[in-house]
Structure formats: structure tokens, C-alpha cells
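The chain contents come next:
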Amino acid sequence: MMNINRRDFVKLTTAAAAGIAAVPAFGGLGQAFANTAEERAKQLSPKWTQQTTSVCAFCSVGCGLLVNTDLETKRAVNVEGNPDHPINEGALCAKGAASIQMTENPKRPGKFLYRAPYSGEWEEKDWNFCKTRIAQLIKKSRDESFEKKNAKGQVVNRTMGIASLGSAALDNEECYAMHSFMRSLGLVYVEHQARI
Amino acid sequence: MTNHWNDLQNSDCILIMGSNAAENHPISFKWAVKAQKRGAKIIHVDPRFTRTSARSDAYIPLRSGTDIAVLGGMINYLIKNKRYFHKYMVDYTNASFIVGKDFDFKDGLFSGFDSKTNSYDKSKWAFEVDDKGIPKQDKSLQDPNCVFQILKKHYARYTPEKVSSISGVSVKDLELLYDTYTATGKPNKAGTIMYAMGWTQHSVGVQNIRAMAMIQLMLGNIGIAGGGVNALRGECNVQGSTDYALLYHILPGYLKTPLAGQDSLEQYNNTYTPKSNDPESANWWQHYPKYSASLIKAMYSEDTPEQGYQYLPRLDNHKASQYSWIPLIDRMYEGKFSGSLIWGMNPACSSSDSVKTRKALGKLDWMVNVNLFQCETSDFWKGPDMDPKKIKTETFFIPCASAIEKEGSVSNSGRWMQWRYKGPDAFGDVMTDGHYFHEIWEELKALYEKEGGAYPEPITHLSFDNMCEENDHGHMEFSARKTAKLCNGWFTRDVEVKGKKFKKGQQVPSFAYLQTDGSTTSGNWLYCNSVTDDENKSMRHDASQTKEQANIGLFPNWTWCWPVNRRILYNRASVDEKGQPWAPKKAVIKWNGSKWIGDVPDGGWKPGTRHPFIMRKNGFGQLYGPGRADGPLPEYYEPLECPVKTHPFSKTLHNPTAVQIKGEEKAVCDPRFPFVGTTYRVTEHWQTGSMTRWQDWLVEAEPQMFVEISPELAKLRGIENGEKVTVESVRGSLWAIAMVTERIQPYNINGTDVHMVGMPWHYGWVTPINGGDSANIVTPNVGDPNTGIPEYKAFMVNIRKWKEGDK
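Worth saying up front: this structure is predicted, and the values here are computed from it rather than measured. (Residues numbered from 1 in each chain as written. Chains lettered and ligands numbered in written order. Predicted model: local features only at pLDDT ≥ 70, side-chain atom pairs only at ≥ 80, totals over all residues. Heavy atoms only, no water.)

Novice: I keep staring at the overall build of chain A and nothing clicks. Help me out?
Specialist: On a plain count of helices and strands, chain A comes out with 6 helices and 10 strands. Put simply, chain A has 196 residues, and 58% of those count as buried. A fraction of 34% describes how many contacts in chain A between residues 6 or more apart in sequence connect residues 24 or more apart. Carbon and sulfur atoms make up 52% of the accessible area of chain A, which totals about 8,200 Å². (Helix = DSSP H or I, 4+ residues; strand = E, 2+ residues; numbered from the N terminus. Buried < 20%, exposed > 50% of the residue type's maximum accessible area, 1.4 Å probe, protein only. Contact = heavy atoms within 4.5 Å. Areas by Shrake-Rupley, 256 points an atom, 1.4 Å probe, with all protein chains shown as cover.)

Below you can see the structure in the form of C-alpha cells.
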């Protein structure tokens with residue numbers, strides 16, 4: 001039987017922050033109206049999780065997060081402030097504290113959606129369909145709007161018919177990938193959240 | 001930020017102006033309050049009383065858009081009362097530079113103005129130079145054409161009475177602000193500024209910030225602990241995504257996008273590489289050709305830098321009026337784009353004049369929207385007043401992995417590059433954005449190789465493999481770890497640099513080792529030093545510090561910070577010519593006789609041998625800034641929509657160079673739209689709410705669109721607290737729930753009451769039910785001439801009771 005008190009729990013999580021991968025997180029409090037800590041502890045069914053560190057996805061203070069992911073389902077079971085992080089020292093604002101709902105959310109779409117011209121409905125499609133069709137559309141727009149020279153006859157090699165908007169939501173490495181991809185397409189209309 | 005979040009604790013006076021830090025950057029406030037507990041003053045200057053005001057030592061209300069009047073008044077005050085840090089100002093800023101005879105200022109216009117193009121010939125503002133091209137100086141600051149004397153004359157016009165009459169700030173409050181803040185002009189005192197979109201989102205956004213930067217330079221507040229100019233950026237990686245140039249005018253590391261006419265890499269480099277003949281000027285941008293060649297080599301590894309350069313698209317100019325957000329959306333509205341990729345963004349709510357933006361999306365043949373949740377952009381074709389049967393736009397909604405479902409780094413406002421590790425698996429069928437870019441590129445490459453098309457080489461030669469690793473199925477796929485290595489850069493062949501030998505494939509240790517000849521890659525020179533042969537420093541979680549570092553809260557071993565892990569920028573200005581700190585109790589760096597200790601110094605040279613502002617050609621902080629589109633000095637102008645016909649500083653009412661769309665109506669002293677409108681954020685939602693409006697906990701706290709008005713305005717319009725009202729502008733209208741509150745008070749402008757209407761901009765019609773729509777339905781398509789950022793913070797509206805038939 002699980003016999004754990006608050007101090008052991010703190011010890012375990014601290015050890016995890018120091019590098020041990022698997023710690024128990026407790027999701028079994030659904031019927032937890034027991035009176036004492038001991039009774040409540042008896043009702044806990046531990047889920048073995050992996051703890052990883054991350055950075056909050058909202059404003060740019062860059063608060064450290066601790067993320068616990070169920071080892072079986074690979075879904076997050078808890079996200080909280082990282083007490084070791086020198087900026088937030090474990091604290092989070094209302095949005096940061098709600099971070100788990102951004103990822104584990106029944107309203108979150110897990111499918112690719114496609115809306116044909118003049119249609120009133122979304123249709124579910126797979127990624128293969130989307131990437132093939134998107135590549136064709138990019139190519140058509142690019143080929144039709146590519147300018148080798150401007151009105152003054154100067155070499156410009158640019159695509160005038162496609163605009164790229166976003167994305168401050170990406171990681172740095174993805175931003176580099178996006179920059180190099182968009183510039184390789186010849187895009188000059190490249191803008192994102194820093195502007196607005 | 002020149003400084004970083006923890007550093008706020010070192011300040012003696014924190015001015016929060018153009019920001020509501022306590023609600024929009026809540027954890028930053030922990031450090032502001034720490035300073036306050038130590039005895040520092042916090043002053044909040046804002047059109048609206050917020051939680052930031054509640055915790056400040058002084059709250060000073062001003063009419064939205066009048067910041068330059070207030071700051072110009074502060075410059076006048078600090079010159080008149082000699083509050084400046086004289087030695088710092090003379091030695092480290094261009095106060096002593098002699099401005100050329102062509103400079104002039106009359107009736108609100110600087111010399112060189114062309115009324116046909118609404119732009120300036122900036123050559124009229126140049127400095128006088130000696131025969132070596134070095135600016136002439138008068139260290140006594142007496143020459144009538146020196147920057148200091150020009151400043152003194154320019155801002156003598158900004159008397160407390162005039163400033164008060166237009167901003168609505170009482171003379172008494174102005175004196176309190178000026179006296180308290182300029183007290184930091186002493187060598188051992190630090191003052192700092194926390195600003196956000198309350199300053200940037202104006203037709204004078206850049207000059208708002210310049211005015212404050214000038215104050216900071218005159219007070220000796222740059223480069224020191226507890227000082228600096230600190231932009232509180234609004235998204236977790238808006239800093240990094242700007243460093244990585246997802247903007248029309250730059251390439252990664254703030255290199256310029258090439259222009260038509262720059263036909264070779266050499267021509268391009270020559271245009272943007274400044275030259276200085278002053279041996280004491282580090283002129284760091286002299287290394288520009290190394291950074292451009294290394295970027296191109298990262299993108300096109302199989303080509304020479306010159307060949308790779310030929311693959312880059314070129315603009316006609318760098319004007320915000322042609323390529324930035326507002327003209328881009330206008331061009332879309334005019335049907336000049338056939339497609340758009342909209343990545344992690346919801347412009348149907350965030351773009352100014354949302355109705356126009358939504359119509360613009362309907363002019364596209366196709367549109368791809370990548371987001372975590374469906375939003376007003378992905379679903380625009382079925383939004384209010386839209387008939388899907390009439391909208392051709394072929395639309396894709398591509399869901400993506402969330403931040404905790406993938407690995408990679410983000411850069412916070414303090415320039416800390418922090419690694420995120422992957423927690424849960426990507427949800428459903430989704431993948432990361434990096435995978436999407438790579439796989440679409442693979443498709444396109446195959447298409448171009450098969451079918452040919454317009455100039456295929458830039459696509460087919462792109463070295464995407466530099467960003468990929470082989471997966472378990474033997475297929476190359478996007479890898480954040482590999483890309484982080486590329487962004488730092490590696491050697492492409494065996495070379496010897498500065499007496500050190502490097503093997504092909506080794507990581508470049510820092511940007512000092514980057515080369516022009518194609519022997520190095522670097523996807524962003526600013527990030528060179530982040531991923532070495534030994535480690536990815538953004539992954540470090542080591543809180544160890546030296547005694548000096550602990551004293552000012554520096555954590556040099558916790559993650560990594562650009563450039564070269566320097567935590568406080570311009571820190572050479574924090575010491576005198578002998579390398580001794582102005583404020584010994586809060587030293588950032590110090591020369592101990594043989595080396596620097598503390599933070600990574602701005603260049604390792606011995607003290608006194610280089611001017612401290614190493615990124616400037618001449619090495620000095622710029623009180624006078626001849627590079628800006630709207631003048632070398634900040635000057636007061638009204639927002640493009642405003643409640644007055646004149647202001648007390650000149651006959652030029654608006655910024656004559658502001659970005660605007662020809663033919664679009666604006667409300668100036670228009671009786672139909674008598675109230676100043678402004679927009680802002682709340683703690684519980686984020687930007688357009690496209691992520692937070694799907695989260696139950698947050699929606700419960702902030703469920704629907706509201707509008708804050710004063711009890712006086714409510715009485716004037718017969719509006720009750722909690723009642724449904726209509727807010728309307730020249731562009732459109734929306735409903736909101738009235739929140740009648742004393743947090744907003746009328747401003748006394750020239751003896752008349754001017755009212756303000758304040759709205760959060762987080763809502764949209766997709767979700768939640770009865771949540772309302774975007775505040776940006778009423779905001780204008782006008783913006784700053786340097787950045788193009790729209791004037792979301794000051795425009796004109798009407799407010800009235802909602803009636804049947806209203807939106």
C-alpha cells in the first residue's frame with residue numbers, strides 16, 4: 001500500500017528536479033473528501049510520470065515550467081512553475097498556471113481541416129493531402145507572380161503573390177527554418193507579431 | 001531589454017510608462033516590488049488606473065498619445081536643473097557632436113521635408129566631420145550647433161504649462177515625476193523604464209522610445225545595474241522570432257534584406273558595413289561581411305556566398321509604408337496576393353481594422369492557417385457578414401504541436417535563450433511547425449525538379465538537410481537540436497583562425513571566429529557561442545554565481561543570453577575610463593588591473609581604449625539620432641485621429657511621415673466620434689485570445705468583451721454599469737458590456753473634459769458563445785513611419801447604448 005506524506009512527496013519531486021526521470025504524480029483525487037491527509041493519501045493512485053522542464057508560452061518574461069507526462073498515455077498530467085528557475089522562482093500568473101489546458105483540452109483539434117472554394121463546411125483531410133495541395137498552390141502562385149526584374153530593370157528575383165504572416169509562436173530553430181524557407185520561395189512580404 | 005528581469009531589483013526608480021506590467025507581465029513585477037522594498041520608487045504613468053498603479057508610489061494619468069509632450073518636458077527639466085550626469089553625457093553620448101549647417105527645425109518640421117512624398121532627406125541632419133570623417137566635437141558643450149545646445153533649444157518649448165495643457169497631467173504631477181525620476185542622474189543611482197505596446201503602438205512609437213532613451217543617456221542610466229531601456233515584449237518568442245527576422249526589412253541577426261541594385265554580395269556588404277577612422281571606435285558592424293557570408297552559407301552550403309546571395313529576393317526599398325503590415329493587408333485587400341501562409345497568428349482579430357482584414361482574406365485564392373485551435377482567421381469565411389458561397393479562398397487549418405510537446409529554444413525579453421524539452425507526445429495527428437516547413441519544402445523541391453518553374457535554384461539548393469537528422473525509418477526529418485547547431489554555426493572546412501586550428505564540422509566558438517570566405521556557417525551571428533562542441537548552453541540549469549554576479553542577481557550559467565552571454569548590454573558605459581564602476585555597490589563589470597570581472601564586458605579591450613557604445617559607428621550613445629524617418633529628435637504630434645485641432649508645440653498637427661492608406665477617412669475633432677479610444681490586455685487572456693478563449697479556467701475569469709468608461713462619461717451617455725453598449729468608429733462597430741469605473745477619469749485638455757473609452761482586444765466571434773468580437777474592428781490603419789506598427793492605442797470612437805439592429 002502506498003504510504004506517503006507531504007514531506008516524502010516534496011523529497012521525491014526535488015529529487016526529480018535534480019535529474020531522476022520518473023516521479024509519481026497524483027491524479028486520483030476525484031473522490032477525495034477524506035478528512036485527514038493519511039486517509040487522502042490512501043486513496044491516491046500514483047501515475048508514473050516523466051518530468052521535463054519547459055518555458056511558458058505566453059508573455060516574454062520566460063518563466064520556467066515543470067511538466068509531468070504520464071509514462072503510459074504520454075499525455076501531460078500537470079504543469080507548474082519551476083521553483084529552481086531564477087526568474088519566476090516557481091510562481092506563475094493566471095495564464096501560466098492554466099498552461100496545461102492549452103495542451104490537454106477536449107476542444108483541441110487533432111485533425112487537419114480543408115475548406116474547398118465556395119464551400120460552407122470543413123472537411124477532415126490527412127497531412128499528405130494537405131502538404132501535396134499546399135505545395136501545388138505555393139508553386140502556382142510563385143510561378144505566376146515571380147518577378148525577375150523590377151520596373152527599373154534591376155534584378156529582384158521575388159515572389160509578389162504570396163504573403164507570410166506570423167510566427168512569434170515558434171521556437172528559434174523553427175523561426176530559422178521558416179525564414180530560410182520563405183526567403184527561398186522569394187517572399188518579400190514577410191511580417192509577424194513584432195509589427196502589431 | 002538592454003537589461004533583464006531579475007535586474008529590475010537593482011533599480012532606485014522604476015518608471016512604468018506605456019505598460020501595465022503587473023497585469024501583462026505579472027512575474028516581472030516580483031522584481032519591481034523587490035526594488036521597492038529596498039526603497040526604490042515606482043511611478044506609473046498611464047491613461048488608466050490598473051493593478052500596476054495600485055502598487056506604485058505614484059500614479060500619474062495622461063491622455064493616451066501624449067507621451068512625447070511629457071517626456072520632452074522631462075528633458076527640458078533635467079537640462080534646466082542640471083540633473084544630467086555630466087561626465088557620462090560628455091564622454092559617452094553625442095552631446096558634444098557638432099551638427100551640420102543644413103539642420104533646421106521650424107513649425108514642427110525638420111529640414112529636408114518633401115511634402116509630395118511626406119518624407120525627409122536625412123542627409124540634411126548629418127554631423128560636421130573632420131578630414132578623417134570623424135564627427136567634430138565641442139566637449140565644453142557651448143557651441144550653438146552642438147547636440148546639447150540643439151536639444152536645450154528644442155525642448156525649452158516643452159514648458160510644464162504647455163505639457164499639462166495637452167496631456168492632461170497636472171503641473172504638480174509633472175514636477176513630482178520629473179524631480180523623482182531625474183534624481184537618478186547621480187553616478188551611484190539607477191533609474192529604469194519598463195514599457196510595452198503602450199509606447200510602440202502609436203504613429204510616434206519609435207520617438208516615444210527615443211525620447212526615453214535620450215533621458216536615460218543624459219542621466220547615465222544605460223549599461224548599469226537597475227538601469228537600461230526595457231521593452232517588455234508580449235510573446236514568449238517575439239524576441240527570438242525578431243532576431244530570426246520574420247519581418248520584411250531584416251535577415252537573421254539584424255542584417256538588412258537586400259535591395260534592388262545591390263547586384264553582388266560585395267555591393268550589398270559595402271552598403272551596410274559602416275567605416276570609422278577613429279581608432280577608439282570599435283564600430284562592431286565593421287564585421288558585417290562575416291555575418292552575411294556565414295548566414296548565406298548556412299542557407300546554401302553547396303554554393304559560394306556570392307552564388308547563395310543571388311538566391312535572396314530583393315526589395316525596392318526598406319520603407320514601412322510599402323512592405324510592412326498595414327500596406328501588406330491593404331495589398332491583400334486590393335487582390336494582389338493569390339496566397340497566404342498564416343502561421344501561429346490570428347490577424348482576423350489582431351490586425352487593425354479587422355473588418356477590412358477579414359475581407360482581405362476573402363480576396364485570396366488560398367490560405368493556410370496553422371494554429372493550436374481554430375480561430376477567426378481559419379474560420380473567417382463563415383464569420384459575421386460573410387457568405388461562404390461567395391468566398392473562393394481555399395482554406396487549410398493545420399493544427400500544430402504545443403510548446404510542451406516539442407523541443408527547441410525561445411528567447412525572452414531579457415535575451416535569455418532557454419531550451420524547452422519535449423514532454424507529452426504531439427496531440428492527435430499533429431506534428432511540429434518545423435516538420436511542416438520541411439515536408440512542404442520537400443514537396444516543392446520535388447515539384448520544381450520534375451516540372452521546372454520560375455527560378456527553381458533558391459528552393460532546390462536550399463540546405464534544409466542542415467536542419468535535419470535521419471529518423472528511425474532512414475528519412476531526414478526536422479531536428480531542433482541540429483538546427484540550433486546551425487544557428488550557432490560550424491566550420492565547413494579545416495581552417496586556422498586567430499592562431500587556432502579548427503576541423504571541418506566543429507562548432508564556431510563565437511562570432512569573433514566567423515569568416516567571409518564561406519568557411520563558416522551561422523544561421524544567426526548573434527547566437528554564435530550558444531551551441532559549442534561541448535554543449536547547447538541554452539539547456540544549462542546551473543544557478544552558480546561569483547560574489548560580484550550574486551550581488552546584482554546575474555545568473556551567467558543559467559541558460560544563455562545573446563550576445564556571447566552578456567547579460568547587461570552596453571556595460572562598458574557602467575565604468576569610468578579606468579574601468580571602475582560609477583556605482584561600486586552595484587558593479588556590473590570592473591577592471592581588476594589585469595582583467596574584467598562580473599558580467600561579460602562589451603568587448604574585452606582594456607578600459608579607456610574604446611568608446612562604450614560599440615554597435616554605433618562612432619561609439620557614442622545617440623542623443624541626436626539622424627537615422628530615423630521622422631526626425632533626429634522626438635517632436636510632439638497628435639495621434640492621426642485626435643480630439644484637438646491644434647497643440648501648443650507647433651502648427652504641424654500630426655506626424656507628417658506616418659504610415660497611412662491613401663483615401664481612408666480619419667476622425668479629427670469629428671463630433672460623430674468625440675471620445676479617445678484605446679486598447680489593452682488583461683492577465684487572463686493572451687493577444688487575440690485564440691488560445692486562451694478555449695481554456696475553461698481563463699474564460700470563467702474573463703468571459704466576454706467589455707469596455708471601461710468613467711462615471712462622468714456614463715452619465716453623459718446615460719449608460720448603466722453592466723449594460724450592453726455599442727462602440728463605433730469610422731471603420732466599424734461592436735458591442736461590449738459597459739464597465740463604469742473610477743479607474744478612468746476625464747482628462748482636462750486645455751480646460752475641456754476629454755473622455756476615454758478603453759477596450760481589451762482578446763475577443764472574437766468563434767468562441768466563447770456571447771464572448772463578443774474584436775476591439776480591432778474600430779482601430780485605424782495608421783502607423784509609425786519607422787516600424788509601421790499600427791496606432792492601436794489612440795484613436796477616436798463613439799459609445800452609446802446598444803439598440804436592436806446593432807452588431
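This is not the end of the story, as more comes after the structure.
Novice: Could you clarify how one ought to interpret the overall build of chain B in this entry?
Specialist: A count of helical and extended segments in chain B gives 24 helices and 33 strands. Relative to the compact-globule value of 28 Å for 807 residues, chain B shows a C-alpha radius of gyration of 27 Å, a close match. For chain B, buried positions account for 67% of its 807 residues. The contacts of chain B with a sequence gap of at least 6 include a subset with a gap of at least 24, amounting to 71%. If you sum the accessible surface of chain B, you get close to 27,600 Å²; carbon and sulfur atoms cover 49% of it. (Rg over C-alpha atoms; globule rule 2.2 N^0.38 Å.)

Novice: What am I meant to see in the nonpolar core here?
Specialist: Nonpolar side chains tend to gather and get buried jointly when the protein is soluble and globular. Residue and element names in this part refer to chain B. Within the largest apolar cluster, 189 residues are counted, with the highest numbers of intra-cluster contacts made by Ile398, Phe464 and Ile799. Considering each element in turn, this core owes the most residues, 7 residues, to helix 19 (residues 433-451). Residues in contact with Ile799, not counting those within four places in the same chain, are Phe675, Val707, Ile709, Leu713, Arg717, Ile719, Val725, Thr726, Val727 and Val757. Grouped together as the second largest cluster of nonpolar side chains are 86 residues, Cys146, Leu151, Val163 and Met756 included. (Core = buried A, V, L, I, M, F, W, Y, C linked by side-chain atoms within 4.5 Å.)

Novice: When you look at the pattern of salt bridges in this model, what are you seeing that I'm missing?
Specialist: Opposite charge on two side chains allows them to pair when their charged atoms are near. Counted according to the given criterion, the structure contains 53 salt bridges over all chains. Notably, a salt bridge pairs Glu439(B) with Lys131(A), separated by 3.0 Å at the nearest N-O pair. With Glu439(B) in helix 19 and Lys131(A) in helix 5 (residues 127-145), the pair connects residues from two separate chains. Among the ionic contacts, a cluster of salt bridges with common partners joins Arg75(A), Glu104(A), Arg108(A) and Glu405(B). (Salt bridge = Lys/Arg side-chain N within 4 Å of Asp/Glu carboxyl O.)

Novice: Help me understand the pairing of strand 3 (residues 64-70) of chain A in this model?
Specialist: The side chains of a regular strand alternate between the sheet's two faces. All names here are of chain A. Most of strand 3 sits out of view: 7 of its 7 residues are buried. Neither face of strand 3 is open: one carries Gly64, Leu66, Asn68 and Asp70, the other Leu65, Val67 and Thr69, and all of them are buried. Note that strand 2 (residues 46-55) and strand 3 share 7 bridges and pair antiparallel. Along strand 3, the bridge assignment pairs Gln50 with Thr69. Across 5 bridges, the pairing between strand 3 and strand 4 (residues 76-81) is antiparallel. Bridge pairing in strand 4 links Leu66 to Glu80. Counted along the chain from strand 3 to the antiparallel partner strand 4, the turn is 5 residues long, and its residue Lys74 has a positive phi close to 60°. (Pairing = 2+ DSSP bridges.)

Novice: Help me out: how do you make sense of the confidence of the model for chain B in this one?
Specialist: Note that predicted coordinates carrying low pLDDT should not be read in detail. Averaged over all residues, the pLDDT of chain B is 98; the fraction at 70 or higher stands at 100%. For this predicted complex, the interface confidence comes out at an ipTM of 0.98, alongside a pTM of 0.95. (pLDDT = per-residue confidence, 0-100.)

Novice: Honestly, the environment of Val190(A) in this entry has me stumped. Any pointers?
Specialist: Summarising the element assignment, Val190(A) is placed in strand 10 (residues 190-191). When the C-alpha positions of Val190(A) and Thr52(A) are compared, they lie 34 Å apart, and in sequence the two are 138 residues distant. If sequence neighbours within four positions are ignored, Val190(A) has contacts with Ser164(A), Met182(A), Arg183(A), Leu246(B), Leu247(B) and Tyr248(B).

Novice: Hey, could you run me through the interface of chain B and chain A in this one?
Specialist: It is common to give the size of an interface as the accessible area that goes away when the parts come together. At the junction of the two partners, chain B supplies 168 residues and chain A supplies 113 residues. Buried surface at the junction of chain B and chain A, both sides included, amounts to about 12,400 Å², of which 63% is carbon and sulfur. Joining chain B to chain A, the criterion identifies 12 salt bridges. Remark: the boundary between chain B and chain A carries 83 residue pairs in polar contact (both at pLDDT 80 or more). If one sorts the elements of the side of chain B that touches chain A by residue count, helix 19 of chain B sits on top with 12 residues. (Buried area = accessible area lost by both parts, 1.4 Å probe. Polar contact = N/O pair within 3.5 Å; in protein donor to acceptor, adjacent residues only side chain to side chain.)

Novice: Even after reading the chapter, I still don't get the packing of helix 4 (residues 67-80) of chain B against helix 8 (residues 171-182) of chain B, so can you show me in this structure?
Specialist: Each packed pair of helices is defined by two parameters, the angle between the axes and the distance between the axes. Residue and element names in this part refer to chain B. Viewed as axis vectors pointing N to C, helix 4 and helix 8 meet at an angle of 60°, and their least axial separation amounts to 10 Å. The angle between the axes of helix 4 and helix 8 places the two elements in the oblique class. In this structure, helix 4 crosses over helix 8, and the sense of that crossing is right-handed. For the pair helix 4 and helix 8, the contacting residues are Ala69, Val70, Gly73, Met74, Tyr77 and Leu78 in the first and Leu174, Leu177, Tyr178, Asp179, Tyr181 and Thr182 in the second. Of the residues in the contact of helix 4 with helix 8, the class split is 9 nonpolar, 2 polar and 1 charged. (Axes fitted to C-alpha atoms, helices over the stretch in contact; angles between N-to-C directions. Parallel < 35°, antiparallel > 145°, perpendicular 65-115°, else oblique. Left-handed = near helix turned anticlockwise from the far one by under 90°. Nonpolar A, V, L, I, M, F, W, Y, C, P; charged D, E, K, R; others polar.)

Novice: Hey, could you run me through a positive patch on the surface in this one?
Specialist: Taken together, the side chains of Lys122(B), Lys256(B), Arg616(B) and Arg628(B) make up a positively charged region of the molecular surface. Within the secondary structure, Arg616(B) is located in the loop between strand 23 (596-598) and strand 24 (659-660). (Patch = residues over 30% accessible without salt bridge, like charges linked within 9 Å, V, L, I, M, F, W, Y side chains within 5 Å. Lys, Arg positive; Asp, Glu negative; His and termini not counted. Charge placed at Lys NZ, Arg CZ, Asp CG, Glu CD.)

Novice: Looking at this structure, how should I read unusual backbone geometry?
Specialist: As a rule of thumb, non-glycine residues mostly have phi less than zero, and peptide bonds are mostly trans rather than cis. Residues Gly166(A) and Ser167(A) are joined by a peptide bond in cis, for which omega reads 20°. Residue placement: Ser167(A) occurs in the loop between strand 9 (162-165) and helix 6 (172-184). For the bond running from Trp562(B) to Pro563(B), omega is -10°, close enough to zero to count as cis. By the secondary structure assignment, Pro563(B) is in the loop between strand 21 (560-561) and strand 22 (589-591). Despite not being glycine, Lys498(B) has its phi angle at roughly 50°, a positive value. With respect to the secondary-structure elements, Lys498(B) resides in the loop between strand 19 (495-497) and strand 20 (500-502). On the accessibility criterion, Lys498(B) (60% relative accessible area) is exposed. Notably, Gln687(B) is not glycine yet its phi reads approximately 50°, a positive angle.

Novice: Looking at this structure, I do not really get the sheet that holds strand 14 (residues 394-399) of chain B. What am I missing?
Specialist: One open sheet holds the 7 strands; their spatial order is 6(A)-5(A)-14(B)-13(B)-12(B)-9(A)-10(A), and the pairing between them is mixed. Looking at which strands have only one partner, the edges of the open sheet turn out to be strand 6 (123-125) and strand 10 of chain A. Judged from the 2 bridges that link them, strand 9 of chain A and strand 10 of chain A form a sheet pairing that is parallel. Following the sheet pairing, Ser164(A) is matched in strand 10 of chain A by Val190(A). Here helix 5 of chain A sits on the sheet and contacts strand 5 (112-115), strand 6 and strand 9 of chain A together with strand 12 (339-343), strand 13 (366-371) and strand 14 of chain B; the angle it forms with strand 14 of chain B, its principal contact strand, is near 130°. The strands touched by helix 16 (residues 325-333) of chain B within the sheet are strand 9 and strand 10 of chain A together with strand 12 of chain B, with strand 9 of chain A carrying the most contacts at an inclination of about 135°.

Novice: Sorry if this is basic, but what is going on with helix 12 (residues 265-272) of chain B here?
Specialist: Given 3.6 residues per helical turn, the α-helix brings residues three or four places apart onto the same face. Residue and element names in this part refer to chain B. Regarding helix 12, the residues found buried are Leu265, Tyr268, Asn269 and Tyr272. Buried residues of helix 12, viewed axially, fall in a sector of 95°; they line one side. Residues of helix 12 that are buried sit in contact with strand 10 (250-251), strand 11 (255-256), helix 13 (288-299) and helix 14 (305-310). (Arc of directions from axis to C-beta.)

Novice: Mind showing me how you'd approach helix 4 of chain B here?
Specialist: Taking 1.5 Å as the rise per residue, helix 4 of chain B with 14 residues should run 20 Å; its terminal C-alpha atoms sit 20 Å apart, in good agreement. Phi for Lys82(B), located one or two positions after helix 4 of chain B, is positive at around 50°. (Expected span 1.5 Å × (residues − 1).)

Novice: Before we go on, may I ask you to explain the packing of aromatic side chains in this structure?
Specialist: Two aromatic rings are characterised by how far apart their centres lie and by the angle between their planes. Tallied over the full model, the rule gives 56 aromatic pairs over all chains. Taking 5.5 Å as the distance between ring centres and 80° as the angle between the ring planes, the aromatic pair formed by Tyr84(B) and Phe148(B) counts as edge-to-face. In this pair, Tyr84(B) is assigned in the loop between helix 4 and helix 5 (86-92) and Phe148(B) in helix 6 (residues 147-156), connecting sequence segments 64 residues apart. Judged by relative accessible area, which is 15%, Tyr84(B) ranks as buried. Their ring planes at 75° and their centres at 5.6 Å tell us that Phe502(B) and Tyr513(B) sit as a pair that is edge-to-face. Remark: Tyr513(B) occurs in the loop between strand 20 and helix 22 (547-551) and Phe502(B) occurs in strand 20; sequence separation between them is 11 residues. Classification of Phe502(B) as buried rests on a relative accessible area of 9%. The exposure class assigned to Tyr513(B) is buried, which follows from its relative accessible area of 14%. The rings of Phe97(B), Phe103(B), Phe105(B), Phe110(B), Phe113(B), Tyr120(B), Trp125(B), Phe127(B), Phe620(B) and Tyr624(B) are connected pair by pair, giving a single aromatic cluster. Above the ring of Tyr455(B), the side-chain terminus of Lys148(A) is found at 4.2 Å from the ring centroid. One residue, Lys724(B), lies across the ring of Trp802(B), its end atom 4.2 Å from the ring centre. (Phe/Tyr/Trp six-rings, centres within 6.5 Å; stacked < 30°, edge-to-face > 60°. Lys NZ or Arg CZ within 6 Å of the ring centre and 35° of its normal.)

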